[in-house]
Amino acid sequence: MPTIDTILFDLDGTLINTNDLIIESFLHTLDHFHPGEYNREKVIEFIGPPLVDSFQSVDPGRVDEMVTHYREFNHRMHDELVTEYVGVYETIERLHKQGYKLAIVTTKIRKTALMGLQLMKLDQFFDVVIGLDDVKHAKPHPEPLEKALEQLGSKKKSSMMVGDSHSDILSGKNLGIPTVAVAWSIKGMDKVKSFGADYIIDEMAELLPIVGADHK
């Protein structure tokens, strides 16, 4: 594998644990618009894609209303329901100190992404954050990744994508860069294996030897 100097990260479910926040936000919204039709297991399938796509599949005529309802609850409950993953802060800090170029590529809007990064004090390590409102095409389209590389001044051949969903891994594959899936995805290990990532890691520190950080 070529030398890696740039790492693109998904945010939710990869760097910060927003699973409970996202699930509760979906349940709050769907219970309002479609009472009694959705449970926790069903809404887990909505984690990953853009909100508009998820709500489009539920109720095409009320997508904007549902997105607004979701975001109001999501922002209000954000700091109460978001938690950290063990070892993420230390690993990202080490990569940053060793000079790796790091970016966030998320299907969240930028404002919400920054809330999570700031809460976990990870914002200091990321010069580039590409949100849903920064692109025309969301992951798995490669546009968000291309935009991140452009802003970092990085080349595709020395970059890698890390995420917890199929759209994260597929976006990396569509761009033609190595991919890493995290085993702590709420979707479960069988699902993670089905993504076809080049690597699967059980904890974030396992990324260090993959990119050569442990040798520096």
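Because the structure is predicted, anything quoted here is derived from the model rather than measured.

A. Layout of the packing of helix α1 (residues 19-33) against helix α3 (residues 51-58). For the pair α1 and α3, the least separation of the axes is 13 Å and the interaxial angle reads 35 degrees. The interaxial crossing formed by α1 with α3 has right-handed handedness. Each of Phe26, Thr29 and Leu30 in α1 lies in contact with α3, whose residues at this interface are Leu51, Ser54, Phe55 and Val58. Of the residues assigned to the contact of α1 with α3, the class counts are five nonpolar, two polar and no charged.

B. Inspection of helix α4 (residues 63-81) at higher detail. The largest bend along α4 reaches roughly 35 degrees and is located at histidine 75. For α4, the complete set of buried residues consists of Val63, Met66, Val67, Tyr70, Phe73, Asn74, Met77 and His78.

C. Region of the structure containing the sheet that holds strand β1 (residues 6-9). Taken in spatial order, the six strands of this open sheet run β5-β4-β1-β6-β7-β8, and their pairing is parallel. The open sheet terminates on both sides in strands that have one partner only, identified here as β5 (128-130) and β8 (199-201). Strand after strand, the sheet turns through a mean of 25 degrees between neighbouring axes, direction not considered. Where strand β7 (residues 179-182) lies against β8, three bridges are found, and the strand directions are parallel. Counterpart to alanine 181 in the pairing with β8 is isoleucine 200.

D. Just the pairing of β1, in detail. Burial along β1 is two-sided: the face carrying Thr6 and Leu8 and the face carrying Ile7 and Phe9 are both buried. As defined by bridge partners, β1 adjoins strand β4 (residues 101-105) across four bridges and the pair is classed as parallel. Counted as the bridge partner of threonine 6 is lysine 101 from β4. Bridge analysis of β1 against strand β6 (residues 159-163) gives four bridges, and the strand direction is parallel. Bridge pairing links leucine 8 to methionine 161 in β6.

E. Region of interest: the packing of aromatic side chains. Summed over the entire model, instances satisfying the criterion amount to eight aromatic pairs. Taking 6.1 Å as the distance between ring centres and 45 degrees as the angle between the ring planes, the aromatic pair formed by tyrosine 38 and phenylalanine 46 counts as tilted. With centroids separated by 5.8 Å and ring planes inclined at 50 degrees, the aromatic side chains of tyrosine 85 and tryptophan 184 adopt a geometry described as tilted. Of this pair, tyrosine 85 sits in the loop between β3 (83-84) and α5 (88-97) while tryptophan 184 sits in the loop between β7 and α9 (189-194), and the two are 99 residues apart along the sequence. Given a relative accessible area of 12%, tyrosine 85 falls into the buried group. Ring pairs connect the aromatic residues Phe26, Tyr38, Phe46, Phe55 and Tyr70, which therefore count as one cluster. Taking NZ or CZ as reference, lysine 42 lies 5.7 Å from the ring centre of tyrosine 38, over its face.

F. Just the side chain of threonine 91, in detail. Position of threonine 91 among the secondary structure elements: in helix α5. Polar side-chain contacts of threonine 91 include one of 2.7 Å to the backbone oxygen of glycine 87.

G. Up close: α5. Within α5 the residues assigned to the buried category are Val88, Thr91, Ile92 and Leu95. Along the axis of α5, the buried residues cluster in a sector spanning 95 degrees; they form a single face. At its buried positions, α5 is contacted by β1, β4 and α10 (207-211). Positive backbone phi, at 90 degrees, marks glycine 99, one or two positions downstream of α5.

Definitions and limits used
Residues numbered from 1 in each chain as written. Predicted model: local features only at pLDDT ≥ 70, side-chain atom pairs only at ≥ 80, totals over all residues. Heavy atoms only, no water. Axes fitted to C-alpha atoms, helices over the stretch in contact; angles between N-to-C directions. Helix = DSSP H or I, 4+ residues; strand = E, 2+ residues; numbered from the N terminus. Left-handed = near helix turned anticlockwise from the far one by under 90°. Contact = heavy atoms within 4.5 Å. Nonpolar A, V, L, I, M, F, W, Y, C, P; charged D, E, K, R; others polar. Bend = angle between axes of the 7 residues up to and from the residue. Buried < 20%, exposed > 50% of the residue type's maximum accessible area, 1.4 Å probe, protein only. Pairing = 2+ DSSP bridges. Phe/Tyr/Trp six-rings, centres within 6.5 Å; stacked < 30°, edge-to-face > 60°. Lys NZ or Arg CZ within 6 Å of the ring centre and 35° of its normal. Polar contact = N/O pair within 3.5 Å; in protein donor to acceptor, adjacent residues only side chain to side chain. Arc of directions from axis to C-beta.

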